[in-house]
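Structural overview for review
Chain residues, written in single-letter form:
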Amino acid sequence: MRKTIGYTVESIGYVVGAQGLVSFASQTLFGTEWGWLHKVVDLPSAAYLGITVAGLALVVVGVKTRKASDRQPVA
């Protein structure tokens, strides 16, 4: 079960991080809106960068959770 939760959190982290990065890059470099995140919230570029960091944190937590289930012995 812990492995499944790890994969789920990791997958959500990848999506959130990618959307944050795309939104940050499109707003900063091109002055346009890409991705779907801008349809949900309208944030400044720095906030999108923070969303990218939050996504990366979810990936790290998901990997650690998944690997913790690999180390525990099966009863």
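Values in this document were obtained by computation on a predicted structure and should not be read as measured data.

A word on the environment of Val-22. Residue placement: Val-22 occurs in helix 1 (residues 2-30). We classify Val-22 as partly exposed; its relative accessible area is 32%. Between the C-alpha atom of Val-22 and that of Trp-36, which follows or precedes it by 14 residues, the distance is 9.5 Å. If we ignore the near neighbours within four places in the chain, the residues touching Val-22 are Trp-34 and Gly-35.

Looking at the element boundaries, Glu-10 is found in helix 1. Sequence-distant contacts of Glu-10, defined by excluding residues within four places in its chain, comprise Leu-58, Val-59, Gly-62, Val-63 and Arg-66.

All told, the structure shown has 1 salt bridge when counted by the stated rule. Salt-bridge contacts for Glu-10 lead to Arg-66; the nearest nitrogen and oxygen are separated by 2.8 Å. Placement of the pair is Glu-10 in helix 1 and Arg-66 in helix 3 (residues 45-71), with a sequence separation of 56 residues. Arg-66 carries the same exposure label as Glu-10, and that label is buried.

Criteria and cut-off values
- Residues numbered from 1 in each chain as written.
- Predicted model: local features only at pLDDT ≥ 70, side-chain atom pairs only at ≥ 80, totals over all residues.
- Heavy atoms only, no water.
- Helix = DSSP H or I, 4+ residues; strand = E, 2+ residues; numbered from the N terminus.
- Buried < 20%, exposed > 50% of the residue type's maximum accessible area, 1.4 Å probe, protein only.
- Contact = heavy atoms within 4.5 Å.
- Salt bridge = Lys/Arg side-chain N within 4 Å of Asp/Glu carboxyl O.

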